[in-house]
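Spelled out, the chains give:
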Amino acid sequence: MSQDAELNTIFDKIKYGSSDKDPALEGLETALNEMQLNGDKKIGIEFECGDCCKKVINGSKLFFVFNFAVLLPAPGDCLFMKVFSGGQLVDKQIMRKIIIPVGRICAIEIEPVQVDP
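Here the structure is a predicted model, which means the values were calculated and not measured.

Procedures and definitions
Residues numbered from 1 in each chain as written. Predicted model: local features only at pLDDT ≥ 70, side-chain atom pairs only at ≥ 80, totals over all residues. Heavy atoms only, no water. Salt bridge = Lys/Arg side-chain N within 4 Å of Asp/Glu carboxyl O. Helix = DSSP H or I, 4+ residues; strand = E, 2+ residues; numbered from the N terminus. Buried < 20%, exposed > 50% of the residue type's maximum accessible area, 1.4 Å probe, protein only. Pairing = 2+ DSSP bridges. Polar contact = N/O pair within 3.5 Å; in protein donor to acceptor, adjacent residues only side chain to side chain. Contact = heavy atoms within 4.5 Å. Axes fitted to C-alpha atoms, helices over the stretch in contact; angles between N-to-C directions. Core = buried A, V, L, I, M, F, W, Y, C linked by side-chain atoms within 4.5 Å. Disulfide = S-S within 2.5 Å.

Asker: Tell me about the pattern of salt bridges, residues and numbers included.
Answerer: Per the counting criterion, the structure on display carries one salt bridge. With its nearest N and O atoms 3.3 Å apart, the salt bridge here joins E109 to K55. Residue E109 is found in strand β8 (residues 105–110), and its partner K55 is found in strand β2 (residues 52–59); the two are separated by 54 residues along the sequence. Of the two residues examined, E109 and K55, each falls in the buried class.

What follows is the structure in structure tokens.
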């Protein structure tokens, strides 16, 4: 089994095995999933990590497990993240999945468009 397949199995077990969802997060997850049914809407999340602000875009599926948000891209695609510190871009990353503590989220964005200076 490939590493991606193993990770997907783990994420599925977490997602479908969780019964301790915050009702507010469950409602948000439902609303976001309904928006995605009306077209291929991408999701972005802005969150804080220490003194840095991170923004990840190109998400296709967002769900919540306990107090964590799990953002996944479309199959075969990637998430793109920019890290800002002191108002300056300090890092760029590409990833397949990200898990973010809900308490660190500043914004959940629908159809974010990344504009580079």
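Back to the write-up after that little detour.
Asker: An account of the pairing of strand β3 (residues 61–65) is needed here, citing residue identities and associated values.
Answerer: Most of β3 is tucked away, with four of its five residues classed as buried. Where β3 lies against strand β4 (residues 68–72), five bridges are found, and the strand directions are antiparallel. Residue pairing for β4: F63 is matched across the bridge by V70.

Asker: Which residues make up the environment of L72, and what are the values?
Answerer: Take L72: it is sitting in strand β4. The exposure class assigned to L72 is buried, which follows from its relative accessible area of 18%. Between the C-alpha atoms of L72 and I99, which are 27 residues apart in sequence, the distance is 9.0 Å.

Asker: Could you give an account of the side chain of E109, naming the residues involved and the relevant values?
Answerer: Taking relative accessible area as the criterion, E109 reaches 18% and is therefore assigned buried. There is a polar contact of 3.3 Å between the side chain of E109 and the side chain of K55. Excluding its chain neighbours within four sequence positions, the residues that come into contact with E109 are K42, I43, G44, E46 and K55.

Asker: Can you tell me about the sheet that holds β4, naming the residues and giving the values?
Answerer: On the basis of which strands lie adjacent, the open sheet formed by three strands has the order β3-β4-β7 and antiparallel pairing. Whereas interior strands pair on both sides, the edge strands pair on one side only; in this sheet they are β3 and β7 (98–101). Neighbouring strand axes in the sheet, compared pairwise and without regard to direction, differ in orientation by 25 degrees on average.

Asker: Now, about the nonpolar core: what can you tell me, with residues and values included?
Answerer: Membership of the largest hydrophobic core comes to 16 residues, with the highest contact counts inside it found for I45, F47, V56, L62, L71, M81 and I98. Elements supplying a minimum of two residues to this core: α2 (23–37), β1 (43–49), β3, β4, β5 (79–85) and β7. Residues within four places of I45 in sequence aside, it is in contact with K54, K55, V56, L62, L71, I100, I105, A107 and I108.

Asker: Could you give an account of the state of the cysteines, with specific residues and numbers?
Answerer: Tallied over the entire structure, the rule returns zero disulfides. C52 takes part in no disulfide bond, and the closest cysteine sulfur, belonging to C49, lies 6.7 Å away. The class of C52 is partly exposed, set by a relative accessible area of 23%. Here C53 is not disulfide-linked; the sulfur of C106 is the nearest cysteine sulfur, at 5.7 Å. Residue classification places C53 among the partly exposed positions, given a relative accessible area of 25%.

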